[in-house]
Amino acid sequence: MTALDRDAIYAKISEYIQEQFLGDSGVSELKPDTPLLEWGVLTSMNTSLLLSFIRNDLGVTVPPTHITGKHFQTLTTITDMVHELAPQPAS
């Protein structure tokens, strides 16, 4: 798998969250700093589904130590975490 750049990761995660979770949340617009946990967009079930998407579609396994509120607060924090954990191309 080729390494994803940060913008591609953001776009894929944003699209997934909008398609899968916004219909039930009452949130109509997703911004980089939308408080996903605070506004109930990411419930425990939704977070589990998102982790599966990140693993299966982006090829990034999120270790249990990273499954914290700090890493799942906003699209920006999720994107940063996934980008940091993503396999990097060989130099």
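Cut-off values and rules
- Residues numbered from 1 in each chain as written.
- Predicted model: local features only at pLDDT ≥ 70, side-chain atom pairs only at ≥ 80, totals over all residues.
- Heavy atoms only, no water.
- Helix = DSSP H or I, 4+ residues; strand = E, 2+ residues; numbered from the N terminus.
- Buried < 20%, exposed > 50% of the residue type's maximum accessible area, 1.4 Å probe, protein only.
- Contact = heavy atoms within 4.5 Å.
- Areas by Shrake-Rupley, 256 points an atom, 1.4 Å probe, with all protein chains shown as cover.
- Arc of directions from axis to C-beta.
- Core = buried A, V, L, I, M, F, W, Y, C linked by side-chain atoms within 4.5 Å.
- Phe/Tyr/Trp six-rings, centres within 6.5 Å; stacked < 30°, edge-to-face > 60°.
- pLDDT = per-residue confidence, 0-100.

1. Let's talk about the overall build of the chain
Alright, step 1. Counting its regular elements, the chain contains three helices and zero strands.
Alright, step 2. The N-to-C order of helical and strand elements in the chain reads α-α-α.
Alright, step 3. Buried residues in the chain amount to 37% of all 91 residues.
Alright, step 4. Within the chain, counting contacts between residues at least 6 apart in sequence, those at least 24 apart form 62% of the total.
Alright, step 5. About 5,400 Å² of surface is accessible on the chain, with carbon and sulfur atoms providing 50% of the total.

2. Describing helix α3 (residues 75-85)
In an α-helix, one turn spans 3.6 residues; hence positions three or four apart end up facing the same way.
Alright, step 1. By the burial criterion, the buried members of α3 are Leu75, Ile78, Thr79, Met81 and Val82. The buried residues of α3 all sit within an arc of 165° when viewed along its axis, so they share a single face.

3. Focus: the nonpolar core
Alright, step 1. Residues Ile13, Ile17, Leu50, Ile54, Ile78 and Val82 are the most contacted members of the largest nonpolar core, which totals 24 residues.
Alright, step 2. For this core, the leading source of residues is helix α1 (residues 6-25), giving six residues.
Alright, step 3. Discounting chain neighbours no more than four positions away, the residues touching Ile54 are Gly59, Val60, Val62, Ile78 and Val82.

4. Things to note about the environment of Leu51
Alright, step 1. Within the secondary structure, Leu51 is located in helix α2 (residues 44-58).
Alright, step 2. Along the sequence, Leu51 and Ile67 sit 16 residues apart, while their C-alpha atoms lie 8.9 Å from each other.
Alright, step 3. If we skip the residues at most four places from it in the chain, Leu51 touches Val62, Ile67 and Phe72.

5. Concerning the packing of aromatic side chains
Alright, step 1. Enumeration according to the criterion identifies two aromatic pairs in this entry.
Alright, step 2. Note on Tyr16 and Phe21: the rings are 5.5 Å apart at their centroids and 90° apart in plane angle, and the pair reads as edge-to-face.
Alright, step 3. Aromatic pair Tyr16 and Phe53: ring centres 4.2 Å apart, planes at 15°, arrangement stacked. Pair noted here: Tyr16 is in helix α1 and Phe53 is in helix α2, with a separation of 37 residues, a long-range link.
Alright, step 4. Taking relative accessible area as the criterion, Tyr16 reaches 14% and is therefore assigned buried.
Alright, step 5. Connected via pairs of aromatic rings, a cluster forms that spans Tyr16, Phe21 and Phe53.

6. Here's the deal with the side chain of Thr79
Alright, step 1. Assignment of secondary structure puts Thr79 in helix α3.
Alright, step 2. In this structure, Thr79 is in contact with Arg6, Ile9 and Tyr10, ignoring residues within four places of it in sequence.

7. Topic: the confidence of the model for the chain
In regions of low pLDDT, the predicted coordinates are not meant to be interpreted in detail.
Alright, step 1. Here the chain averages 90 in pLDDT, while 89% of its residues score no lower than 70.
Alright, step 2. By mean pLDDT, the top-scoring element of the chain is α2 (97), and the lowest-scoring one is α1 (89).

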